[in-house]
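An overview of the molecular structure
So the chains spell out like this:
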Amino acid sequence: MKLEVKDITYSIDSKLIVNGVSLGIKEGDFVGLVGPNGCGKSTLLKNIYKVYRPDSGTVYIDGRNTAEMTSRETAKEMSVMQQENNVEFDMTVYDMVMLGRFAHQKFFHTDKVKERQIVLDAIKEVGLEGYEDRSFLSLSGGEKQRTLVARALVQQAKLIILDEPTNHLDIGYQYQIMNILKKQKLTVFSSIHDLNVASCYCDKVLLMKKGQIVYTGTPEEVFTPDKIRELFGIDTQININPATKKPNIIFLPDLAE
């Protein structure tokens with residue numbers, strides 16, 4: 001599943017938020033989108049998964065223009081886990097995950113046994129077996145996120161887009177969620193807040209600043225003291241994580257009074 005973005009531009013109230021962004025993601029790659037708050041990460045992703053319509057530019061999935069695809073067609077090719085998941089009414093974990101199957105269901109022709117097994121398998125995959133009848137709103141933050149990952153997985157799309165899936169989670173849940181995603185053997189494009197999480201899991205990282213992709217490369221290529229200082233205004237020391245053999249970023253705040 002290949003994703004291509006060509007010259008996407010998007011404005012809000014005449015303010016340019018995404019400025020001519022182009023990128024390509026190969027099948028099977030795990031790609032992170034990193035940048036300071038307000039740089040346009042979420043807006044770019046929303047243009048890709050069709051919450052926003054770009055002012056100009058085109059998004060392609062395996063050569064198909066997504067603007068010409070129906071919602072059902074898009075959902076079969078691309079699953080999405082958004083940053084905002086405010087649920088105003090409660091439902092069980094099972095029902096929440098089942099929502100991810102809408103693109104595959106047909107009136108009067110749904111194999112209910114097969115559908116149920118797909119949902120149960122996904123719930124087990126994210127470590128929530130036994131939670132099927134639990135109230136979604138009763139779950140912890142990490143459990144809710146794992147439920148939403150399961151909902152994305154049951155779409156059985158080969159491309160998954162995630163908007164900071166570990167935002168607001170403690171460190172244990174952050175790595176748990178990313179471990180689940182990494183082992184799925186999908187094409188993944190995710191905005192990521194934590195640079196060390198991005199370094200650990202991503203094959204390629206895109207650094208974004210003021211609505212543009214300014215650097216692209218492996219974690220070793222883009223996570224350098226100069227580039228991090230340019231984007232985030234903080235000094236760092238880069239070591240090698242002995243477990244992953246990838247950059248481990250140590251932040252060096254100026255504590256002088």
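So, a few notes on the structure that sits alongside this text. Counting restarts for each chain: residues are numbered from 1 in the order of the written sequence. Local features in a predicted model are, by the rule used here, given only for residues with pLDDT of at least 70; side-chain atom pairs are given and counted only at 80 or more, and totals for whole chains, interfaces and linings are based on all residues. Excluded from the side-chain calculations are hydrogens and water; all other atoms, namely the structure's heavy atoms, are used.

Things to note about the nonpolar core
Soluble globular proteins tend to bury their nonpolar side chains together. Counted only if it meets this: In this text, buried Ala, Val, Leu, Ile, Met, Phe, Trp, Tyr and Cys residues form a nonpolar core when linked through side-chain atoms within 4.5 Å. Burial status follows relative accessibility: with a 1.4 Å probe on protein chains alone, a residue under 20% of its type maximum counts as buried, one over 50% as exposed, and anything between as partly exposed. Throughout, a contact is declared for two residues whenever any of their heavy atoms are within 4.5 Å.
Judged by nonpolar contacts, the single largest core of 45 residues is most densely connected at Val149, Leu181 and Phe223. In this structure leucine 181 touches Phe30, Val149, Ile160, Leu162 and Pro165, once residues within four positions along its chain are discounted. Listed in part, the 24 residues of the second largest apolar core include Val5, Ile25, Cys39 and Leu159.

A few points about unusual backbone geometry
Just so we agree on the cut-off: Working definition: helices are DSSP H or I runs of at least four residues, strands are E runs of at least two. Numbering for both runs from the N terminus.
Positive phi values are uncommon outside glycine, yet aspartate 7 reaches one of about 55°. Considering the arrangement of structural elements, one finds aspartate 7 in strand E1 (residues 3-12). In this structure aspartate 7 comes out as partly exposed when scored by relative accessible area, which is 48%.

Observations regarding the environment of arginine 116
In this fold, arginine 116 is placed in helix H4 (residues 112-125). According to the relative accessible area criterion, arginine 116 is partly exposed, its value standing at 44%. Taking the C-alpha atoms as reference points, arginine 116 and tyrosine 94, 22 residues apart in sequence, are found 8.9 Å from one another. Once residues within four sequence positions are removed from consideration, arginine 116 is found in contact with Tyr94 and Met98.

Comments concerning the sheet that holds strand E10 (residues 212-217)
Pairing between the strands of a sheet comes from backbone hydrogen bonds, and it takes one of two forms, parallel or antiparallel. Stated precisely, the cut-off is as follows: In this analysis, strands are considered paired if DSSP registers two or more bridges between them. What counts as an axis is a line fitted to C-alpha atoms, over the stretch in contact for a helix, and the angles between N-to-C directions run from 0 to 180 degrees.
As summarised here, the arrangement of the 6 strands in space is E6-E7-E8-E3-E9-E10, forming an open sheet in which the pairing is mixed. Two strands lie at the open edges of the sheet, namely strand E6 (78-81) and E10, each paired on one side alone. For this sheet, the mean angle separating the axes of adjacent strands, direction not counted, is 15°. As judged from the 4 bridges shared by strand E3 (residues 30-34) and strand E9 (residues 204-209), these two strands associate in the parallel manner. Note on E9: the bridge partner recorded for glycine 32 is valine 205.

Let's talk about the state of the cysteines
The criterion, for reference: Any pair of cysteine sulfurs within 2.5 Å is marked as a disulfide.
On inspection of all chains with the given rule, the structure shows 0 disulfides. Just so you know, cysteine 200 is unpaired, no disulfide at all, and the nearest cysteine sulfur is the one on cysteine 202, 9.1 Å from it. A relative accessible area of 0% places cysteine 202 in the buried class.

Some words on the packing of aromatic side chains
To keep things clear, this is the line we draw: Only Phe, Tyr and Trp rings take part, Trp by its six-membered ring, and two of them pair if their centres are within 6.5 Å. Stacked means planes under 30 degrees apart, edge-to-face means over 60, and tilted covers everything else.
Going through the model one piece at a time under the given rule, you end up with 2 aromatic pairs. For the ring pair tyrosine 10 and tyrosine 52, a centre distance of 4.8 Å and an interplane angle of 5° mean the geometry is stacked. Placement of tyrosine 10 in strand E1 and of tyrosine 52 in the loop between helix H1 (41-48) and strand E4 (56-61) is noted, with a sequence separation of 42 residues between them. Judged by its relative accessible area of 12%, tyrosine 10 falls in the buried class. By relative accessible area, which is 25% here, tyrosine 52 ends up partly exposed.

Some thoughts on the packing of helix H5 (residues 141-153) against helix H6 (residues 171-182)
When two helices pack together, you describe them by how their axes are tilted relative to each other and by the distance separating the axes. Condition: Orientation categories follow fixed angle ranges, with anything under 35 degrees roughly parallel, anything over 145 roughly antiparallel, 65 to 115 roughly perpendicular, and all other angles oblique. Left-handed describes a crossing whose near helix is turned anticlockwise from the far helix by less than a right angle; the clockwise case is right-handed. Three categories are distinguished: nonpolar for Ala, Val, Leu, Ile, Met, Phe, Trp, Tyr, Cys and Pro, charged for Asp, Glu, Lys and Arg, and polar for the others, with Gly belonging to the last.
One way to put it is that H5 packs onto H6 with a least axis distance of 10 Å and a crossing angle of 10°. Classified by the interaxial angle, the pair formed by H5 and H6 is roughly parallel. Between H5 and H6 lies a crossing of right-handed hand. Contacts from Gly142, Gln145, Arg146 and Val149 of H5 reach H6 at Tyr173, Gln176, Ile177, Ile180 and Leu181. In terms of residue class, the contact of H5 with H6 is made up of 5 nonpolar, 3 polar and 1 charged.

Some points on the environment of glutamate 230
Along the chain, the position of glutamate 230 falls in helix H9 (residues 225-232). Each C-alpha atom, one on glutamate 230 and one on asparagine 167, is 23 Å from the other, the two residues being 63 residues apart in sequence.

Points about the pairing of E4
Inspection of the sheet shows E1 paired to E4 by 5 bridges, in the antiparallel sense. Directly across from leucine 3, in E4, lies its bridge partner isoleucine 61. Pairing between E4 and strand E5 (residues 64-65): 2 bridges, direction antiparallel. Bridge pairing links isoleucine 61 to arginine 64 in E5. Hairpin remark: E4 followed by E5, antiparallel, with 2 residues in the connecting loop; positive phi at aspartate 62, about 50°.

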